[in-house]
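Here are the chains, one letter per residue:
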Amino acid sequence: MKISEYIASQCGNPRGVIGRIMTWSMNRANNVMYKGIVSELNIRDSLRILDIGFGNGYLEKLIMKKGKCNIEGIDISEDMVNAATNNNRKYVEDGYIKFGIGDCCSMDYEDESFDVVTTMNTIYFWNQTDKGMSEIFRVLKPGGVFYNASLTKENLDKVFYTKSGFKKFNEDEYKKLGINAGFTKVDIKPLGNKYGLLVICEKGLE
Ligand SMILES: C[S@@+](CC[C@H](N)C(=O)[O-])C[C@H]1O[C@@H](n2cnc3c(N)ncnc32)[C@H](O)[C@@H]1O
């Protein structure tokens, strides 16, 4: 396996010590993206969030620092379930956060379970992008919102290890993905200077 393929596979499914180091460095590099999601959330006790591909659980820490709510997270990497649980131990023990293994392209949750679904830097790795989007639509309550923070296509293209193993989308493609999944409105906000995008997909009330 080439080094570029190894790094891409660690980004899409972080494992072992290297996976932990990489997710830790993502925490430092992508601050503007975590903050972009957190600043959108109206955090309250009754809020039920699903976070897809939580990595080492850094986003959860930031959300909990702002206010208490209920978060469930799914990730395909068992090592990340352990890392995120360790990094948020108090919130997990107090029952605010539950991390588990899961793939967003096929979720066990009942229809209309969550007020908000978040994800950050994961959509490039989903096996079936359309299926993942329609699953997210399904598990959101009417009026619910999906926040997807992703690096811009231009930014991803600058990095050598994204040539394989990454699916890249431009703004029009993100809009199409949202509308095709059933969302009534898709807005896109820039994060940093062409660094990332926050794609906001709203599920209508009916
Ligand atoms: C680049 S890391 C981002 C981690 C975290 N969201 C962050 O930004 O700090 C991508 C994460 O998505 C997870 N992942 C990839 N495909 C997934 C899928 N289909 N469903 C759930 N998690 C997935 C990986 O295991 C990994 O933890």
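The following refers to the structure shown. Just so we're clear, the structure is a prediction, and the values are computed from it rather than from any experiment. (Residues numbered from 1 in each chain as written. Predicted model: local features only at pLDDT ≥ 70, side-chain atom pairs only at ≥ 80, totals over all residues.)

We now examine the overall build of the protein. Within the protein one finds nine helices and seven strands. Taking 17 Å as the expected radius of gyration for a compact globule of 206 residues, we find that the protein reaches 16 Å, a close match to that expectation. A principal-axis box enclosing the C-alpha atoms of the protein has dimensions of 45 × 40 × 30 Å. Looking at the 206 residues of the protein, the share that counts as buried comes to 38%. Of the contacts made within the protein by residues no fewer than 6 positions apart, 70% connect residues no fewer than 24 positions apart. (Helix = DSSP H or I, 4+ residues; strand = E, 2+ residues; numbered from the N terminus. Rg over C-alpha atoms; globule rule 2.2 N^0.38 Å. Buried ≥ 20, exposed ≤ 12 C-beta atoms within 10 Å, placed from the backbone. Contact = placed C-beta atoms within 7 Å.)

Surrounding the ligand, one finds 25 residues, the nearest of these being Gly53, Gly55, Ser77, Met120 and Thr122. Counting only elements with at least two residues in the shell around the ligand, the list comes to α1 (3-12), α2 (16-29) and β2 (70-75). Among the residues making up the shell around the ligand, the classes are represented as 14 nonpolar, nine polar and two charged. (Near = placed C-beta within 6 Å. Nonpolar A, V, L, I, M, F, W, Y, C, P; charged D, E, K, R; others polar.)

A few words on the environment of Cys105. Along the chain, Cys105 turns up in the loop between β3 (97-101) and β4 (114-120). Look at Cys105 and you get partly exposed, because 18 C-beta atoms sit within 10 Å. Separated by 30 residues in sequence, Cys105 and Glu135 have C-alpha atoms that sit 6.3 Å apart.

Attention shifts here to helix α3 (residues 31-40). Looking only at α3, the buried set comprises Met33, Tyr34, Gly36 and Ile37. Buried residues of α3, viewed axially, fall in a sector of 155°; they line one side. (Arc of directions from axis to C-beta.)

Moving on: the sheet that holds strand β1 (residues 48-52). Pairing in this open sheet of seven strands is mixed, and the strands run β3-β2-β1-β4-β5-β7-β6 from one edge to the other. Where the open sheet ends on each side, the last strands, each with one partner, are β3 and β6 (185-191). Between one strand axis and the next, the sheet turns through 15° on average, direction left out of account. Where β2 lies against β3, five bridges are found, and the strand directions are parallel. Bridging across to β3, Ile74 finds its partner in Gly100. Contacting β1, β4 and β5 (140-151), helix α7 (residues 129-139) runs over the sheet at an angle of about 140° to β5. Against the sheet, helix α9 (residues 171-181) makes contact with β6 and β7 (196-202), and its axis sits at roughly 145° relative to β6, the strand it touches most. (Pairing = 2+ DSSP bridges. Axes fitted to C-alpha atoms, helices over the stretch in contact; angles between N-to-C directions.)

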